[in-house]
Structures are given as C-alpha cells and as structure tokens.
Amino acid sequence: MTITTHSASDDFFEKSVSEQDKINRFLFDKANIRGEIASLNTVWKNMQANHNYPDIIRQYLGEVVAASVLLSATLKFEGSMTIQASGDGALTLMVVECRNDFGVRGVAKYDEPLPEDADLKKLLGDGNLVITIEQAKTKERYQGIVALEGNSIAEFLEGYLIRSEQLETRIFLAADDRAVGGLLLQQLPGQSDDEDSWDRITHLGSTIKPEELLGLDSKEILHRLYHEEDIRLFEPEAIYFKCSCSREKVTNMLRSISHQEASDIIKEQGNIAVDCEFCGKEYQFDEIDIVSIYTEHSQTSDPSIKH
Ligand SMILES: [Zn+2]
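Residues numbered from 1 in each chain as written. Predicted model: local features only at pLDDT ≥ 70, side-chain atom pairs only at ≥ 80, totals over all residues. Heavy atoms only, no water.

Points about the layout of surface pockets
So, point 1. In this structure, the second largest pocket spans a volume of roughly 410 Å³.
So, point 2. What lines the second largest pocket is a set of 19 residues, among which Arg-25, Arg-34, Ala-73, Thr-74 and Leu-75 lie closest to the centre. (1 Å grid on protein atoms, 1.4 Å probe; cavity = no way out; pocket = protein on both sides within 12 Å on 5 of 7 lines; lining within 4 Å. Points joined across faces, edges and corners; volume = space filled by probe spheres on them.)

Below, the structure written as structure tokens:
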C-alpha cells in the first residue's frame, strides 16, 4: 500500500491530534472515491455521562454519532448538521448535531420497557430520517427528509444520500459503551479510469469488523483493508464534545408554556429548573425571570420562531 500523507509528516500525524477522537479523510485518487474513518472515545463517554442508556439504545445512538461525523466531513458548510431519526416505536427519537469543526452532541429518547429482542426497525417503528443543515452566519436552513427504510443506521443514511444527493455511498458503523467508529466510502462525480474500483473498494470495506472499527487506529484499518490500493491520506482532525445550549435558548423554549403554567410551577417549586438534555447543565429561573420573560414576549414578536 502507498499511503501519502497530505502536507503532513508522520510525526504530525502521530502527535497533533488525540488518538481518541478524530476523523481521517482519504482519497483513492485513481478511482475517484473518497473515504473517511472516524473514531470517538472520550467524546462518546461525555455524551453518555448524564444518561443511563440501555445497551441497545446506546449502540444505535453511538452509530448515529459516528455517522453524523462522517456525513459532516463530506459536506461543505459552516454551521451545524443535525441527524434526527424519529418514529412511533419505543425509541421515539435519536438526535445528533455535528458542527463543521466536528463539535458534536447527541441524545436519545425512549419509552420503557423496551420491547424484547427488538431490532432497530421495531424500536423506531414508522418514521423519518431528517437531516438539517443550518448555516451559522445566515441562519439559512436546508432540510432533507426520507422515510426510515432498511434496518440499520448505515442503510438509512445510504438511502438518504442516494435519494437526495445522488451519491453512491457505503457506510460501516460500530458502537459499544467505550467507543464508536465508522468508515464511509463515497463515489465522487466524474469518470474513473479504474472501472471496477467501486465494487472492489466497497467489497473490501464490507469486510471490516466492528471490533476493528472500535479498536484499530485508522492507519491500521487502511492497511488491513487496502494494502494493495494507492491512498492519499489527509491530516486527521479532532472531534470534541460541544453543547450549544444557552440561557437564551432555554428561555425561548420556556415560552412554549403559558405564563400561567410557569407561575404555577414557581408557586409549587420556588423556581423552574431546566436541565439541558445534551450536557446536563442546569438553568434556573425564578419569579422575576419569569415575569420579565413573558413581559418581553408580549411586547415584541418572537424572533426565535422560524418556519
Ligand atoms: Zn447543553
């Protein structure tokens, strides 16, 4: 295998980015195929810190986390990309946000008891996969929606990418309580001199085992899969845990209940405490806060609500 690192020495590759949480992009130049390998450990642990997910929920949420990083890396945007899977089953919602600089956060919601021996399709039921990209500067939003077809997170996303972006993509994901990992392969537009490359490269990709995605470094994975291919490997990029919650956002959320309801809670409990479901941070509102929130609200139109 020839691995050429793009404008980076091996020394840089080894030391500059945490071994724990990173994404590596690579290119099969002759084949016009791009690839990415993502691995997260610490970030994944932080994401689970305030939750006690059942194993099966943790696995699927972890796969969405890996997928969100892989998908973000294929897109050109400045802002955030959100993957949301929701349906009428016991697993009501999985939502993961990844920013263009690979700051991620995510959460799953579910009703217990979970059905026994349920697979992903059964847990989610009938529903949709929604991908939302919000541009940071303009607040412009692009949204793509597809029905949940298939029985894995990877299949949902492959279906989304072919239907809405016309991009042939294969995704392999793995997650456990310690780590999440993923491999993405995508055919780029344009002609390739190497006609059967897509079949060959995706077939080799499909031999990756979950324990390899979770335990091996990206270089080892590339060597294991593609030692006969020419690969251009780019600098790894760090992934980190980033929650974008703020008092302002929680305030806007509070406005969805009426002033009367808010006052009743204050009367009963002394204040209103709202925990961020992504990072666990607590926001407190007392009577004076509540009065000012609703006074402001009745005087100005609410800029936080967009359709
Ligand atoms: Zn938060």
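What to know about the coordination of the zinc ion
So, point 1. Every protein donor of the zinc ion is accounted for by Cys-243 (SG), Cys-245 (SG), Cys-276 (SG) and Cys-279 (SG), and the metal-donor separations fall at 2.2 to 2.3 Å.
So, point 2. Classification of the site at the zinc ion rests on its 4 donor atoms, whose angles at the metal span 105 to 114 degrees, yielding the label tetrahedral.
So, point 3. Residue classification places Cys-276 among the buried residues on the basis of a relative accessible area of 10%. (Donors = N, O, S within 2.8 Å, 3.2 Å for Na, K, Ca; no water. Tetrahedral: all angles 85-135°; square planar, octahedral: opposite > 155°, others 65-115°. Buried < 20%, exposed > 50% of the residue type's maximum accessible area, 1.4 Å probe, protein only.)

Observations regarding the sheet that holds strand S4 (residues 79-87)
So, point 1. As summarised here, the arrangement of the 6 strands in space is S8-S7-S4-S5-S6-S13, forming an open sheet in which the pairing is mixed. On the outer flanks of this sheet lie strand S8 (141-147) and strand S13 (240-241), each paired with one strand and no other.
So, point 2. As judged from the 7 bridges shared by strand S5 (residues 91-99) and strand S6 (residues 103-110), these two strands associate in the antiparallel manner. Looking at the pairing, Val-96 lines up with Gly-106 of S6.
So, point 3. Of the strands in this sheet, S4, S5, S6 and strand S7 (127-135) touch helix H3 (residues 55-74), which is tilted by about 30 degrees from S5.
So, point 4. Packed onto the sheet, helix H5 (residues 153-165) meets S4, S5, S7 and S8 and runs at close to 120 degrees relative to S8. (Pairing = 2+ DSSP bridges. Helix = DSSP H or I, 4+ residues; strand = E, 2+ residues; numbered from the N terminus. Contact = heavy atoms within 4.5 Å. Axes fitted to C-alpha atoms, helices over the stretch in contact; angles between N-to-C directions.)

Digging into the environment of Lys-22
So, point 1. Structurally, Lys-22 can be placed in strand S2 (residues 22-28).
So, point 2. Lys-22 gets classed as buried once you look at its relative accessible area, which sits at 2%.
So, point 3. In terms of polar contacts, Lys-22 uses its side chain to reach the side chain of Asp-217, at 3.0 Å. (Polar contact = N/O pair within 3.5 Å; in protein donor to acceptor, adjacent residues only side chain to side chain.)

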